[in-house]
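Each chain, written out:
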Amino acid sequence: MINANIDLKGKIKPVILIVDDVPKNIQVLGTLLNQMDCELAVAMNGQQALDTIARVKPDLILLDVMMPVMDGHEVCRRLKKADETKDIPVIFITAKTETDDITTGFELGAVDYITKPFIGNELLARVKTHLSLKRIKETLQEEVAAKNKFFSIISHDLRGSFGIILSFVQLIKENREVLTAQEIDELLDDIGNTSKNTLNLLENLLEWARAQTGRIKYSPEKLNVQDLVDEILTTYQPIAGNKQIELMSSVHSENFVFADKNMVLLIIRNLVSNAVKFTPKEGRIEVSAKEAQ
């Protein structure tokens with residue numbers, strides 16, 4: 001029974017599942033593993049192990065091979081077939097020392113194979129190594145996921161920005177004979193502002209890539225939300241106009257936020273861009289803001 005897996009310092013303790021049909025073996029392993037800062041779970045056969053894993057996902061499994069009801073090989077086979085359990089490291093602990101048995105264990109996806117009787121310090125070292133490798137793998141997966149999400153956001157925002165710039169250029173080319181000099185200057189100002197915002201995004205991306213921290217430079221300041229929203233709505237007005245969509249803002253001049261300007265602009269741009277993209281023709285989009293309680 002696992003009561004908790006967080007110590008007083010808030011550190012999450014790894015959960016190790018011992019699967020063996022011999023109580024004495026469980027006792028020996030439990031006594032040994034108690035030297036580590038971990039939580040222990042116990043199962044007496046393969047089916048009981050699967051039932052336990054369904055309730056409490058362990059960080060590592062010490063699995064006996066020869067057991068009643070369901071042997072260790074079948075347990076490992078089922079774990080590796082399921083997406084939610086395939087990445088749990090399995091170490092076989094068994095008296096079977098034949099080469100074919102060891103090979104079978106690794107072919108099923110086990111990360112290690114320890115024969116009985118085992119040396120306590122060696123077993124602890126292997127357990128610690130595989131727990132460490134699991135943490136490293138999870139950290140790398142989280143970093144890759146964060147980077148992919150970051151690039152997805154940036155690419156979406158850049159695509160929107162360049163789309164706006166191209167639409168302004170097209171507007172000028174198609175209507176230059178009827179546009180006044182003032183109207184052309186206003187459109188060029190819009191192109192310049194959008195280009196400036198896009199450049200800021202690129203600079204943040206390059207800085208992040210050089211630093212390899214996975215974070216955009218964060219420079220918080222007091223910002224007037226109304227000014228930011230008005231800036232975004234102005235740049236998206238031509239695209240919305242092509243769909244006869246009405247863009248409105250009910251953000252008040254007293255709405256302020258303490259945040260990074262580029263991050264806030266990125267968020268508002270993505271919201272407005274998606275709204276324009278998915279709002280039907282002759283629709284209406286309104287941006288509002290309220291103070292969080």
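Conventions adopted
By convention here, each chain's residues receive numbers from 1 onward along its written sequence. Local features are withheld for residues below a pLDDT of 70 in this predicted model, meaning they are given only at 70 or higher, and side-chain atom pairs are given and counted only at 80 or more; totals for whole chains, interfaces and linings count all residues. Note that the side-chain values use all heavy atoms of the structure and ignore hydrogens as well as water. Note on method: axes are straight lines fitted to C-alpha atoms, helices fitted across the in-contact stretch only, with angles between N-to-C directions ranging 0 to 180 degrees. Helix and strand definitions here come from DSSP, where helices need a minimum of 4 consecutive H or I residues and strands a minimum of 2 consecutive E residues; each element is numbered from the N-terminal end. Here is the rule for angles: anything less than 35 degrees is roughly parallel, anything more than 145 is roughly antiparallel, 65 through 115 is roughly perpendicular, and the remaining ranges are oblique. Each crossing gets its hand from how the near helix is turned against the far one by less than a right angle, where anticlockwise is left-handed and clockwise is right-handed. The contact rule is simple, with two residues in contact once any of their heavy atoms fall within 4.5 Å. Following the grouping adopted for this structure description, the nonpolar residues are Ala, Val, Leu, Ile, Met, Phe, Trp, Tyr, Cys and Pro, the charged ones are Asp, Glu, Lys and Arg, and the polar ones are all others, Gly among them. Looking at any residue, its pLDDT shows the predictor's confidence there, from 0 to 100. Any two strands between which DSSP finds at least two bridges are classified as paired. Pairing of aromatic side chains here covers Phe, Tyr and the six-membered ring of Trp, requires ring centres within 6.5 Å, and sorts the geometry by plane angle: under 30 degrees stacked, over 60 edge-to-face, intermediate tilted. Think of it in three bands: with a 1.4 Å probe and only protein chains considered, a residue is buried below 20% of the maximum accessible area for its type, exposed above 50%, and partly exposed in between. Here the arc refers to the set of directions running from the helix axis out to each C-beta atom. By the criterion applied in these results, polar contacts are pairs of N or O atoms within 3.5 Å in which, for protein atoms, one can donate a hydrogen and the other can accept it, and in which residues neighboring in sequence qualify only through two side-chain atoms. Without a salt bridge and with relative accessible area above 30%, a residue can belong to a patch; like charges are then joined within 9 Å and nonpolar side chains (Val, Leu, Ile, Met, Phe, Trp, Tyr) within 5 Å. Working definition of accessibility: Shrake-Rupley area with a 1.4 Å probe, residue cover restricted to the visible protein chains. A carboxyl oxygen of Asp or Glu within 4 Å of a side-chain nitrogen of Lys or Arg is what we treat as a salt bridge. Here the nonpolar core consists of buried residues drawn from Ala, Val, Leu, Ile, Met, Phe, Trp, Tyr and Cys, with membership extended through side-chain atoms lying within 4.5 Å. Handedness rule for crossovers: strands pointing away from the viewer, path from the first strand over the helix to the second running clockwise, crossover right-handed.

S.K.: Outline the packing of helix α2 (residues 46-55) against helix α3 (residues 72-81), supporting the account with residue identities and numerical values.
M.R.: The description of two packed helices rests on the angle between their axes and on the distance between the axes. Direction vectors running N to C along α2 and α3 enclose 30 degrees, while the axes themselves pass 9 Å from each other. One finds that α2 runs roughly parallel with respect to α3. Seen from above, α2 lies across α3 with right-handed handedness. Packed against α2, whose contacting residues are Gly46, Gln47, Leu50 and Ile53, the element α3 presents Val75, Arg78 and Leu79 at the interface. Class assignment of the residues belonging to the contact of α2 with α3 gives a composition of four nonpolar, two polar and one charged.

S.K.: Provide a residue-level description of the confidence of the model for the protein chain, including the pertinent values.
M.R.: Predicted coordinates in regions of low pLDDT should not be interpreted in detail. Averaged over the protein chain, the pLDDT score is 83; the fraction of residues at 70 or greater is 90%. The low-confidence segment residues 1-11 (pLDDT under 50) makes 17 contacts with residues lying over four places distant or belonging to another chain.

S.K.: I'd like a rundown of the sheet that holds strand β3 (residues 60-63), residues and numbers included.
M.R.: The sheet built from five strands is open, its strands ordered β2-β1-β3-β4-β5 with parallel pairing. Both edges of this open sheet fall to β2 (39-43) and β5 (112-115), since each of them pairs with a single strand only. Between one strand and the next, the sheet's axes are offset by a mean angle of 20 degrees, whatever the strand orientation. Alignment of strand β1 (residues 15-19) against β2, held across five bridges, turns out to be parallel. For Val15, the partnering residue across the bridge sits in β2 and is Glu39. Helix α1 (residues 23-33) rests against β1, β2, β3 and β4 (90-94) of the sheet, and its axis sits at about 160 degrees to β1.

S.K.: Can you tell me about the packing of aromatic side chains, naming the residues and giving the values?
M.R.: Enumeration according to the criterion identifies one aromatic pair in this entry. Both rings, one in Phe92 and one in Tyr113, keep their centres 6.0 Å apart while their planes meet at 55 degrees; by these two values the pair is tilted. Of this pair, Phe92 sits in strand β4 while Tyr113 is found in strand β5, placing the two residues 21 residues apart along the sequence. Across this residue pair, the class does not change: Phe92 and Tyr113 are buried.

S.K.: Go over α3 with me, naming the residues and quoting the values.
M.R.: When α3 is considered as a whole, its buried residues turn out to be Gly72, His73, Val75, Cys76 and Leu79. For α3, the angular spread of the buried residues around the axis is 160 degrees, confining them to a single face. Considering only its buried residues, α3 is in contact with α2, β3, β4 and α4 (99-107). Its side-chain oxygen placed 3.3 Å from the backbone nitrogen of His73, Asp71 serves as the N-cap of α3.

S.K.: Could you give an account of the environment of Ile165, naming the residues involved and the relevant values?
M.R.: Here Ile165 lies in helix α5 (residues 120-175). Separated by 23 residues in the primary sequence, Ile165 and Leu188 place their C-alpha atoms 9.4 Å from one another.

S.K.: Before we move on, can you summarise a nonpolar patch on the surface with the specific residues and values?
M.R.: On the surface, a cluster of nonpolar side chains totalling about 280 Å² of accessible area is made up of Leu133, Ile136 and Leu140. Secondary-structure assignment places Leu133 in helix α5.

S.K.: Which residues make up the nonpolar core, and what are the values?
M.R.: Ranked by size, the top nonpolar core spans 25 residues in total, and within it Val229, Leu247, Ile268 and Val272 carry the most contacts. Elements with a contribution of two residues or more to this core: α5, α6 (181-211), α7 (225-242), α8 (261-278) and β9 (284-287). If you tally residues by element for this core, the top one is α7, at seven residues. Among all residues touching Leu247, those that are not within four sequence positions of it are Leu233, Tyr236, Gln237, Ala240, Val276 and Ile285. One finds Ile53, Ile61, Val90 and Ala110 within the second-largest nonpolar core, a separate group that totals 21 residues.

S.K.: Describe in detail the pairing of β1, supporting the description with residues and values.
M.R.: A regular strand places its side chains on the two faces of the sheet in alternate fashion. Burial within β1 is extensive, with five of its five residues counted as buried. The alternating pattern of β1 places Val15, Leu17 and Val19 and Ile16 and Ile18 on opposite faces, both of which are buried. Since β1 and β2 lie parallel, the crossover through α1 that links them has a hand, and here it is right-handed. Alignment of β1 against β3, held across four bridges, turns out to be parallel. Bridge pairing in β3 links Ile18 to Leu62.

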